[in-house]
Structures are given as C-alpha cells and as structure tokens.
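Read off the chains here:
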Amino acid sequence: MDKGFHKTAMYFFRISIIVIHVLAAFIWLGGMFFIALVAVPTLRKLEPLEKRIELLSDTARRFRRISWIAVSVLLITGVINAINHGVTTEMISTGKIFLSNFGTILTVKVVLVLIMLVLSAIHDFFLGPKMVDIMSVGVSNPESLQRIKKYRRFVSWLARVNVILGILVITCAVMLS
C-alpha cells in the first residue's frame, strides 16, 4: 500500500477523533453551562410550581441521557487521543508521564474530568431526582419548603463548581493543543 495514502489516512483518523472529542465536549459542557446559567434561573421565575417542576424535570431527564452519551464518547476519544500523542500504560505506571509538560497537563485534565464526573453523577442520579421528588410533593408545609431550599442551594453550588471545573478542563485542553 502507498505510504502517502497510509499517512494521509492516519492523519484524517487523528483529526476525526479530535473533532468528535471536541463536539462531545461542546455537548456536555455547553449543555451543563446552559442549564446552570440560563435554564434554571429562568425556570425559577415560572409559575405555577407544577409547570416549573415539569419543565425542569423534562429538561434534566433529556439532558442526562444526552450528556452521559457525550461523556462516554469523551472517554473513548480521550483515550485514543492520548495514545495518538504517545501516552502508554508504561508511562502512566512508572510516572514517566509527569516528565513532560504535556503529560502533567493531561493528568490535571483527567483528574478534573473525574471530579466533574463524580459531581455530575451525584447531581444526575441522586440530588436532582430527589429535589424533583420533594418539589412534586409541594411546598404546602414549612418542612418541605425548607428541604427544597436546602437541596436547591446545594444543587446550585454543585452546578457552579462543575462550571468552574469545566472552564479549567477547557483551559487544559487548549494548553494541550
């Protein structure tokens, strides 16, 4: 087979993986930013409460499916990108990855992403559904209202932390390019 064709095909493959990785990041981080900075503050003003709960719940459920697919794509393409940059299991296991600026920044990026994944899982599978359940019961009694405020405050801070971590991940990605 022609070496020029092989080289071109490999280049196209590497670029395609990077493009898919970036698009998946846009979907995950962009959606997260939109929900945290636009959708939730807007929905807080919506009345009646039942409509707010319905829209918030539907938005969260739909985004949850899309975002976790995007995260799966990110994990797969991220590993491929690391391999394409010469990262090996030996470099990771021996710590040689830290001998280069690229390896150190990549490690920081991976740690930040792992923290974001944990926080997203807590939000998506525990706190978010719990808050919707509490809101569905209503705010007729002071105890329910207090629980809603407590969860909303915590979920709000969790989203803000994830937005900040997302910005740091993007910064790392730019430094790696």
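Going by the structure above, here's the rest.
Residues numbered from 1 in each chain as written. Predicted model: local features only at pLDDT ≥ 70, side-chain atom pairs only at ≥ 80, totals over all residues. Heavy atoms only, no water.

Asks: How should the overall build of the protein chain be read in this particular structure?
Replies: Looking only at helices and strands, one finds five helices and zero strands in the protein chain. Its helices and strands taken in sequence order, the protein chain reads α-α-α-α-α from the N to the C terminus. The principal-axis extents of the C-alpha atoms in the protein chain amount to approximately 70 × 35 × 20 Å. Split into buried and exposed, the 177 residues of the protein chain put 32% on the buried side. For the protein chain, restricting intrachain contacts to residue pairs at least 6 apart in sequence, the fraction spanning at least 24 positions comes to 73%. Summing over all exposed atoms, the protein chain offers an accessible surface of approximately 11,500 Å²; the carbon and sulfur share of this is 72%. Taking the 20 positively charged and 9 negatively charged side chains of the protein chain as two groups, their mean positions are separated by 6 Å. (Helix = DSSP H or I, 4+ residues; strand = E, 2+ residues; numbered from the N terminus. Buried < 20%, exposed > 50% of the residue type's maximum accessible area, 1.4 Å probe, protein only. Contact = heavy atoms within 4.5 Å. Areas by Shrake-Rupley, 256 points an atom, 1.4 Å probe, with all protein chains shown as cover. Lys, Arg positive; Asp, Glu negative; His and termini not counted. Charge placed at Lys NZ, Arg CZ, Asp CG, Glu CD.)

Asks: In this structure, what is going on with the nonpolar core? I would like to understand it.
Replies: Nonpolar side chains in soluble globular proteins generally cluster together in the buried interior. In this structure, Trp28, Leu106, Met116 and Met135 are the most contacted members of the largest nonpolar core, which totals 32 residues. Apart from the residues within four sequence positions on either side, Leu106 is in contact with Ala82, Val87, Ile97 and Leu176. (Core = buried A, V, L, I, M, F, W, Y, C linked by side-chain atoms within 4.5 Å.)

Asks: It is not clear to me how helix α4 (residues 101-137) should be interpreted in this structure. Could you clarify?
Replies: Since the α-helix turns once every 3.6 residues, residues separated by three or four places project in the same direction. Between its first and last C-alpha atoms α4 spans 52 Å; for 37 residues at 1.5 Å apiece the expected length is 54 Å, and the two agree. At His123, α4 shows its maximal bend, which comes to roughly 40°. (Expected span 1.5 Å × (residues − 1). Bend = angle between axes of the 7 residues up to and from the residue.)

Asks: What is the right way to look at the pattern of salt bridges in this model?
Replies: For side chains bearing opposite charge, pairing can occur when the charged atoms are close. With the rule as written, the count across this model stands at four salt bridges. Note that Glu54 is salt-bridged to Lys51, the shortest N-O span being 3.9 Å. Taken together, the residues span about one helical turn, with Glu54 and Lys51 both in helix α2 (residues 49-84) at a distance of three residues. In this structure Lys51 comes out as partly exposed when scored by relative accessible area, which is 37%. Between Glu90 and Lys96 there is a salt bridge whose closest N-O contact spans 3.4 Å. On the accessibility criterion, Lys96 (42% relative accessible area) is partly exposed. (Salt bridge = Lys/Arg side-chain N within 4 Å of Asp/Glu carboxyl O.)

Asks: Which parts of the structure should I look at to understand the side chain of Ser67?
Replies: Structurally, Ser67 is set in helix α2. Given the relative accessible area of 1%, Ser67 is considered buried. Filtering out sequence-adjacent residues up to four positions away, Ser67 remains in contact with Trp28 and Asp124.

Asks: Even after reading the chapter, I still don't get the environment of Ser93, so can you show me in this structure?
Replies: Assignment of secondary structure puts Ser93 in helix α3 (residues 89-94). By relative accessible area, which is 62% here, Ser93 ends up exposed. Residues Ser93 and Val22 lie 71 residues apart in sequence; the distance between their C-alpha atoms is 27 Å. In terms of polar contacts, Ser93 uses its side chain to reach the backbone carbonyl oxygen of Glu90, at 3.2 Å. (Polar contact = N/O pair within 3.5 Å; in protein donor to acceptor, adjacent residues only side chain to side chain.)

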